[in-house]
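Examining the three-dimensional arrangement
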Amino acid sequence: MDFTIGEEERALEETAARVARDLLAPRAAAHDEAASFVGDNLAELGKLGFLGLNLREEEGGAGASSLGISLVVERVAGACAATASAMTAHYLATDAIAIAGTDAQKAQWLPAAAEGRALGAFALSEPQAGSNPTDMTTRGEAVEGGWHLTGTKQWITNGGFADFLVVFARTDPAAGARGLSAFLVGRDAPGFRKGAAERTMGLKGAPVFELGFDCRLPADALLGPAGSGFKTAMAVLDRGRVEIASMALGIAGAAFEAARDWAKQRQVGGRPIADLQGLQWMLADMHAELEAARLLTWRAALARDSGHRFAREAAVAKLYASEMAGRVTDAALQIHGGYGYSRALPLERYARDARILRIFEGSSEIQRNIIARELLR
Ligand SMILES: Cc1cc2nc3c(=O)[nH]c(=O)nc-3n(C[C@H](O)[C@H](O)[C@H](O)COP(=O)(O)OP(=O)(O)OC[C@H]3O[C@@H](n4cnc5c(N)ncnc54)[C@H](O)[C@@H]3O)c2cc1C
């Protein structure tokens, strides 16, 4: 595989690194402390075209390669993981429209989404349906002139701030996964109810919401043919898993660098703790794991652009990188001793933010199920 980073990808990464350093990192602790939405950061990223990296130029986007997107997500997550979470949730919504939408649906939302004028949310999970979307009870019933959407979604990133939502619902109760459909719902749709933000362990600047629907929707709110919702959701999540792996690289990379710098300057018994072989080995293991996760993530990014099936590569990258981020952020906190546990430094935030990567967009257990399924096909 050729992991050469092209000129465009390098330029994207450099811009992302600059924005991450100058803009996102200085605000990250305040957003975390106040659990305030990172909308200010998204507005800046929108101006740079970063909210449309995943979209083709004819859709109003930048047409970036998956490797370029991965490099950007890594940099953004390394400075402010909540911003990366809100940005990649927006990608899920716009990917769904790009994959399944009509020309009119694309024209209505994608150029505005790419420029940061319209924020998207992807509403698949429900209080009683997470790992297995076919448990969902949200209903889309065909009625005179359109659809009646009723039900409750849970844990929806951007849900309280989104201008448009991609909402999945059961349109055929007897058809299992083939009975699910996707709908495009604007925030002004009568009958759309936004619940309070959930209180979460991390990613506090990207709050998640319970959302209620009792909405009459026009016929053209259906996204893709009736019954194609499960297929659309799985295609979107395969793509999204490469971005979650990239977030893991960013958070773990920031924690690793902090730990390496700390080890060199922190003195114990008159010597820097970096002189201790036990800590050197911890740093070496952290580095090796980060490198392995990066290669898996980049391989998944290249596979995503190949046009071939890439479910296995994406699941392997998401599984390994998210588990790696748990280990690396924990080790980095340990190397900082009591200071790592203190909220004065970002180490505890890195550990809290990394924890969700093993749960959302398919938990580690679900990734293992996908990998096994692909191996045994
Ligand atoms: C911060 C945050 C942001 C989120 N953002 C979004 C979003 O934007 N849009 C959205 O739709 N959802 C979102 N989610 C929901 C998230 O995707 C789900 O929480 C996740 O898929 C797990 O579902 P669940 O919580 O219902 O857990 P459950 O499905 O109840 O799983 C519970 C446990 O059982 C295990 N398990 C379940 N099935 C299997 C199996 N077949 N084999 C082995 N183990 C299994 C799971 O791994 C887990 O450990 C978000 C969640 C959080 C916390």
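Not measured: the values here are computed from a predicted model. (Residues numbered from 1 in each chain as written. Predicted model: local features only at pLDDT ≥ 70, side-chain atom pairs only at ≥ 80, totals over all residues. Heavy atoms only, no water.)

Attention now moves to the pairing of strand β3 (residues 146-157). Walk down a regular strand and you will see the side chains alternate between the two sheet faces. Here five bridges tie strand β2 (residues 139-143) to β3, and the two strands are oriented antiparallel to one another. Residue pairing across strands places Arg139 opposite Thr150, the latter belonging to β3. Counting the residues that bridge the hairpin from β2 to β3 gives two residues, and of these Gly145 lies at a positive phi of roughly 80 degrees. Summarising the sheet, β3 and strand β7 (residues 208-218) pair through ten bridges and their orientation is antiparallel. Its bridge partner lying in β7, Gly151 is registered against Phe213. (Pairing = 2+ DSSP bridges. Helix = DSSP H or I, 4+ residues; strand = E, 2+ residues; numbered from the N terminus.)

Within this model, the largest pocket holds a volume of roughly 1,100 Å³. In terms of lining residues, the largest pocket is bounded by 41 residues, among which Ser125, Ile359, Phe360, Glu361 and Gly362 are the most central. If you list the elements that add at least two residues to the lining of the largest pocket, you get α4 (81-100), β3, α6 (229-265), α10 (347-355) and α11 (364-375). Broken down by element, the residue count for the lining of the largest pocket peaks at six residues, all from α6. In the lining of the largest pocket, the residues fall into 22 nonpolar, twelve polar and seven charged. The volume enclosed by the second largest pocket comes to roughly 620 Å³. Taken together, 28 residues line the second largest pocket, and the ones lying closest to its centre are Arg75, Gly78, Gly253, Ala254 and Glu257. Elements represented by at least two residues in the lining of the second largest pocket include exactly α1 (7-34), α3 (66-79), α6, α7 (277-305) and α10. Its residues assigned to classes, the lining of the second largest pocket shows 14 nonpolar, four polar and ten charged. (1 Å grid on protein atoms, 1.4 Å probe; cavity = no way out; pocket = protein on both sides within 12 Å on 5 of 7 lines; lining within 4 Å. Points joined across faces, edges and corners; volume = space filled by probe spheres on them. Nonpolar A, V, L, I, M, F, W, Y, C, P; charged D, E, K, R; others polar.)

Within the structure shown, the criterion is met by two cavities of 30 Å³ or more. Size it by volume and the largest cavity reaches roughly 50 Å³. Ranked by residues supplied to the lining of the largest cavity, first place goes to α1 with three residues. In terms of residue class, the lining of the largest cavity is built from four nonpolar, two polar and four charged.

Attention now moves to the domain arrangement of the protein. In terms of domains, the protein is made up of domain 1 (7-119), domain 2 (121-230) and domain 3 (234-375). The gap between the C-alpha centroids of domain 1 and domain 2 is 22 Å. The partner domain 2 presents 20 residues to the 25 residues of domain 1 that form the contact. Together domain 1 and domain 2 conceal approximately 1,900 Å² of surface at their shared face, both sides included; 70% is due to carbon and sulfur atoms. Put simply, domain 1 and domain 2 have zero salt bridges between them. (Domains from an automatic or database assignment. Contact = heavy atoms within 4.5 Å. Buried area = accessible area lost by both parts, 1.4 Å probe. Salt bridge = Lys/Arg side-chain N within 4 Å of Asp/Glu carboxyl O.)

Inspection of the region around the ligand gives 18 residues, with Phe122, Ser125, Ser131, Ser363 and Glu365 positioned closest. Within the contact set of the ligand, a nitrogen atom lies 2.8 Å away from a backbone nitrogen or oxygen of Phe122. The side chain of Thr157 places a nitrogen or oxygen atom 2.8 Å from a nitrogen atom of the ligand. Judged by its atoms lying within 2 Å of the grid points, the ligand is housed in the largest pocket. Counting only elements with at least two residues in the shell around the ligand, the list comes to β1 (120-123), β3 and α11. Of the residues assigned to the shell around the ligand, the class counts are ten nonpolar, six polar and two charged. No fewer than three residues from each of domain 2 (121-230) and domain 3 (234-375) sit in the shell around the ligand. (Near = heavy atom within 4 Å. Polar contact = N/O pair within 3.5 Å; in protein donor to acceptor, adjacent residues only side chain to side chain. Sits in = over half its atoms within 2 Å of the grid points.)

On to the packing of α4 against α6. Contact geometry for α4 and α6: axes closest at 9 Å, N-to-C directions at 160 degrees. Our classification of the angle between α4 and α6 gives roughly antiparallel. Read as a crossing pair, α4 and α6 show a hand that is right-handed. Between α4 and α6, the contacting residues are Ala81, Ala84, Ser85, Thr88, Tyr91, Leu92, Asp95, Ala96, Ile99 and Ala100 on the first element and Thr232, Ala235, Val236, Arg239, Gly240, Glu243, Met247 and Ile251 on the second. Partitioning the contact of α4 with α6 into residue classes produces eleven nonpolar, four polar and three charged. (Axes fitted to C-alpha atoms, helices over the stretch in contact; angles between N-to-C directions. Parallel < 35°, antiparallel > 145°, perpendicular 65-115°, else oblique. Left-handed = near helix turned anticlockwise from the far one by under 90°.)

With respect to burial, strand β4 (residues 164-170) is a largely interior element, seven of its seven residues being buried. Of the two faces of β4, the one carrying Phe164, Val166, Phe168 and Arg170 and the one carrying Leu165, Val167 and Ala169 are both buried. In terms of strand pairing, β1 meets β4 through four bridges, oriented parallel. Within β4, the residue paired with Phe122 across the bridge is Val166. As paired strands, β4 and strand β5 (residues 180-186) are joined by seven bridges and run antiparallel to one another. The residue of β5 that forms the bridge with Val166 is Leu184. (Buried < 20%, exposed > 50% of the residue type's maximum accessible area, 1.4 Å probe, protein only.)

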